[in-house]
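# Structural characterization, general
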Amino acid sequence: MLIRCIIIEDEPLALKKLVGFINRIDYLKISKTFDNAVEAISFLKINPVDIIFLDIQMEDFSGIQFLESIKLRPKVIITTAYDKYAIQGYELNVADYLLKPITFERFVQAVEKVSCNIIDNFNEAARDFIFVKTEYRHEKIKISDILYIEGMSEYLRIVTKDKKIMTLQNFKSMQEILPENIFVRVHKSFMIALDKIESIERNRIKIKDLNIPISETYMESFYNKLGIRNKK
């Protein structure tokens, strides 16, 4: 499995060093490098990557501003000469924080930690079924059969091609076991399978005979995931 990376770094020597480090690790692949964070935002909307190596102290648009501006993001490893941003970085859920000058040993340590997590998630997503608790049993559901999941008071109703299953599991637990590249939350009461969408009109998703609303909370991340520019 190749792990795709981008580098956002405005110092040419630091960028060259990171490129050299990445090229020494056979399972890492550089998708693109950037000397500013603004161009990276546009790239990420239509190009999925697994790791971002992110400098913090950049002109015009800092690494922290970049982290605050993107809703869906891969694993982020901060690379900076300043330790004062460490708390902010971890509050924004970065995977690791590397202080310059970065040694290759410390770089490998960060990459190995992040890569293990990515591979574990990939292997979990590769499984084509889940088990959900319903009444007094655990029922097996094929992931590709799920159309959407609807919140109903204390229950979730999982709607598949040929049946409906009620479970006490919540949306958070479902997001943890379903592949995030296929299933996305679009409303406080709905999670949908992207490949089951028939059409989208006026911020409503049609799946079979149901029109599912897209709420303001989830609208931007939903359209970004589809690579669609939403015009309200």
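For the structure, see preceding data.
This report concerns the structure included in the present document. Just so it is clear, the model here is predicted, and its values are computed rather than measured. For every chain, the first residue of the written sequence is number 1, and numbering continues from 1 along that sequence. Where local features are concerned, this predicted model is filtered to residues with pLDDT of at least 70; where side-chain atom pairs are given and counted, the filter is 80 or more; whole-chain, interface and lining totals use all residues. Hydrogens and water are ignored here; the side-chain numbers use all heavy atoms of the structure.

## Here we look at unusual backbone geometry
Residues other than glycine predominantly adopt negative phi, and peptide bonds predominantly adopt the trans conformation. The omega torsion across K100 and P101 is -5°, close enough to zero to call that bond cis. Along the polypeptide, P101 turns up in the loop between β5 (96-99) and α5 (104-126). For S153, which is not a glycine, the phi torsion comes out positive at approximately 60°. Overall, S153 belongs to the exposed group, its relative accessible area being 81%. Phi at N203 takes a positive value of approximately 60°, unusual for a residue other than glycine. The numbering of helices and of strands both runs from the N terminus, where a helix is a DSSP run of H or I of at least 4 residues and a strand a run of E of at least 2. Tracing the sequence through the fold places N203 in the loop between β13 (199-201) and β14 (204-207). Burial classification: accessible surface area is computed with a 1.4 Å probe over protein chains only, and a residue below 20% of its type maximum counts as buried, one above 50% as exposed, and the rest as partly exposed.

## A word on the sheet that holds β5
One open sheet accounts for five strands, arranged β2-β1-β3-β4-β5; its pairing is parallel. Here the strands that pair on one side only, and so sit at the sheet edges, are β2 (28-34) and β5. Neighbour to neighbour, the strand axes of the sheet diverge by 20° on average, direction disregarded. Relative to strand β3 (residues 51-54), strand β1 (residues 3-8) runs parallel, the two being bridged by four bridges. When the sheet's bridge partners are listed, I7 is paired in β3 with F53. Relative to β2, helix α1 (residues 12-23) is tilted by about 165°, and along the sheet it contacts β1, β2, β3 and β4 (75-80). Should DSSP find at least two bridges between two strands, the strands are regarded as paired. Axes here mean lines fitted to C-alpha atoms, for a helix over just the part in contact, with angles spanning 0 to 180 degrees between N-to-C directions. Here a residue-residue contact requires only that any non-hydrogen atoms of the pair lie within 4.5 Å.

## Quick look at the pairing of strand β15 (residues 210-213)
If a strand is regular, its side chains alternate between the two faces of the sheet. Note: β14 against β15, four bridges, orientation antiparallel. Following the sheet pairing, R204 is matched in β15 by P213.

## Examining the sheet that holds β14
Reading across the sheet, the three strands line up as β13-β14-β15 and stay open at both edges, with antiparallel pairing between neighbours. With one partner strand each, in any of the chains shown, β13 and β15 form the two edges of the open sheet. With strand direction ignored, the average angle separating the axes of adjacent strands in the sheet is 30°. Two strands pair when backbone bridges link them, and β13 and β14 are joined in this way by three bridges, in the antiparallel orientation. In the strand pairing of β14, I200 is matched with I205.

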